[in-house]
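Chain and residue survey
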Amino acid sequence: MSSYAVEISDVTVRFRTKKRDVLALREVTLNVEPGEFIAIVGPSGCGKSTLLKLTSGLLAPSTGSVRLHGEDVTGPRKDVGYVFQKAALLEWRTARKNILLQAEMRHLPAREAQQRADELIEMTGLAGFEDAYPHELSGGMQQRVALCRALLHRPPVLLMDEPFGALDALTREQMNVELRRIWQETGTTVLLVTHSISEAVYLADRVVMVTARPGTVAGVVDVDLPVERDYGRTMADPEFARATQHIRDHLGAAQAAVVGD
Ligand SMILES: Nc1ncnc2c1ncn2[C@@H]1O[C@H](COP(=O)(O)OP(=O)(O)O)[C@@H](O)[C@H]1O
Ligand SMILES: [Mg+2]
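Just so it is clear, the structure is predicted and the values come from calculations on it, not from any experiment. (Residues numbered from 1 in each chain as written. Chains lettered and ligands numbered in written order. Predicted model: local features only at pLDDT ≥ 70, side-chain atom pairs only at ≥ 80, totals over all residues.)

Accessible area lost during the coming together of the parts is what is often quoted as the interface size. Segmenting the protein into domains produces domain 1 (6-79 + 156-259) and domain 2 (89-154). If you average the C-alpha positions of domain 1 and of domain 2, the two centres end up 25 Å apart. Tallying the contact residues gives 13 residues for domain 1 and 9 residues for domain 2. Looking at the side of domain 1 that touches domain 2 element by element, the count peaks at 7 residues for helix α5 (residues 169-186). (Domains from an automatic or database assignment. Contact = placed C-beta atoms within 7 Å. Helix = DSSP H or I, 4+ residues; strand = E, 2+ residues; numbered from the N terminus.)

Taken residue by residue, a regular strand's side chains alternate between the two faces of the sheet. With respect to burial, strand β3 (residues 37-41) is a largely interior element, 5 of its 5 residues being buried. Residues Phe 37, Ala 39 and Val 41 point to one face of β3 and Ile 38 and Ile 40 to the other, with burial holding for every one of them. Examined bridge by bridge, β3 and strand β8 (residues 189-193) share 4 bridges and lie parallel to one another. Following the sheet pairing, Phe 37 is matched in β8 by Val 190. As defined by bridge partners, β3 adjoins strand β9 (residues 206-210) across 4 bridges and the pair is classed as parallel. Note that in β9 the partner of Val 41 across the bridge is Met 209. (Buried ≥ 20, exposed ≤ 12 C-beta atoms within 10 Å, placed from the backbone. Pairing = 2+ DSSP bridges.)

Glancing now at α5. For α5, built from 18 residues, the straight-helix expectation of 26 Å at 1.5 Å per residue is met to within 8% by its first-to-last C-alpha distance of 25 Å. Within the sequence span of α5, burial applies to Arg 172, Met 175, Asn 176, Leu 179, Arg 180 and Ile 182. Residues of α5 that are buried in the fold lie against α3 (110-123), α4 (139-151) and α6 (197-203). (Expected span 1.5 Å × (residues − 1).)

A word on the environment of His 246. With respect to the secondary-structure elements, His 246 resides in helix α8 (residues 238-251). Considered as a pair, His 246 and Ser 196 are 50 residues apart in the sequence and their alpha carbons are 14 Å apart.

Taken in spatial order, the 6 strands line up as β6-β7-β8-β3-β9-β10 in an open sheet, and their pairing is mixed. Strand pairing shows two members of the sheet lacking a second neighbour, β6 (80-83) and β10 (217-222), which therefore form its edges. Neighbouring strand axes in the sheet, compared pairwise and without regard to direction, differ in orientation by 15° on average. (Axes fitted to C-alpha atoms, helices over the stretch in contact; angles between N-to-C directions.)

Okay, the packing of helix α2 (residues 95-106) against α3 next. Axes are the key here: two packed helices are described by the angle between their axes and the distance separating the axes. Look at α2 against α3: their axes get within 10 Å of each other, and the N-to-C directions meet at 130°. Classified by the interaxial angle, the pair formed by α2 and α3 is oblique. In terms of crossing hand, the pair formed by α2 and α3 is right-handed. Only Ala 110, Ala 113, Ala 117, Leu 120 and Ile 121 of α3 make contact with α2, whose side of the interface consists of Arg 96, Ile 99, Leu 100 and Ala 103. The residue inventory of the contact of α2 with α3, partitioned by class, reads 8 nonpolar, no polar and 1 charged. (Parallel < 35°, antiparallel > 145°, perpendicular 65-115°, else oblique. Left-handed = near helix turned anticlockwise from the far one by under 90°. Nonpolar A, V, L, I, M, F, W, Y, C, P; charged D, E, K, R; others polar.)

Around ligand 1, the structure places Phe 15, Thr 17, Val 22, Ala 24, Ser 44, Gly 45, Cys 46, Gly 47, Lys 48, Ser 49, Thr 50 and Arg 213. Going through the elements one at a time, β2 (21-32) and α1 (48-56) are the ones with two or more residues in the shell around ligand 1. When residues of the shell around ligand 1 are assigned to their parent elements, the largest contribution, 3 residues, is made by α1. For the shell around ligand 1, the residue count by class is 4 nonpolar, 6 polar and 2 charged. (Near = placed C-beta within 6 Å.)

Mapped onto the elements, Thr 194 comes out in the loop between β8 and α6. For Thr 194, a count of 25 C-beta atoms within 10 Å gives the class buried. For the pair Thr 194 and Ile 40, spaced 154 residues apart in sequence, the C-alpha to C-alpha distance is 6.3 Å. Among all residues touching Thr 194, those that are not within four sequence positions of it are Ala 39, Val 41, Glu 162, Glu 199 and Ala 200.

Here the amide bond leading from Arg 213 into Pro 214 is cis, since omega sits at -5°, within 30 degrees of zero. With respect to the secondary-structure elements, Pro 214 resides in the loop between β9 and β10. At His 69, a position not held by glycine, the phi torsion is positive, near 50°. Take His 69: it is sitting in the loop between β4 (63-68) and β5 (71-72). In this structure, Arg 154 takes a positive phi of about 50° despite not being glycine. Within the secondary structure, Arg 154 sits in the loop between α4 and β7 (157-161).

Structure follows, in structure tokens:
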């Protein structure tokens, strides 16, 4: 048994349709330790979402292999949580009922699920809003609900695909701080796709840089910042400047314009 939470080994993904033949990812290898926070950055269309879909088993590689906790991924996995840019909440259900949807779909014991939902509501600062409907919630609040729903079944691996891309800058910062704290509290392994280099460096232990299509891993940056990351202090930390600059240089000037904040 391997000790990795996620093992992506020499994976190539080719999409073949009648009109097109797209090589989305080429020979991508990535090993993630349990509890690690990984951020993935790269230009649009380089295969970032494809990488997350592979990890969750929603998509099979053309060649190569994907393993979760030492087990080959052969189909959709139940032990992952997924958060997308759009919260995708059901308008006719309250925040709490949206969170509990996860339990209903998985037929989890109701009482335990309710307890976990209440814990997560507390942890994410949704207390007081559990009975609100999605249209009564701000974008940030809606993403908190989506995060609670993704964490309800205590997934060892959390996949986040540009989760804060639609939020305003201040809300996004606040969500970054909260996500970092929630990750510390839950101990879950996180793979986060983002267009923001500063978000990637603030949040992650390692930042994976993916090149334009066909996506390959151009490099991995170790972020040598303390575990406790006060937002303001981190922004002023020389290591933060070094890591963000390194990523900008690596992705290239043209691409940096695409992926920059
Ligand atoms: N199901 C699919 N069928 C055909 N092409 C696809 C499919 N999914 C993704 N692609 C193509 O693969 C490439 C990578 O897509 P994606 O992983 O969504 O990129 P990113 O998330 O980095 O923007 C893109 O060129 C996209 O058009
Ligand atoms: Mg994408």
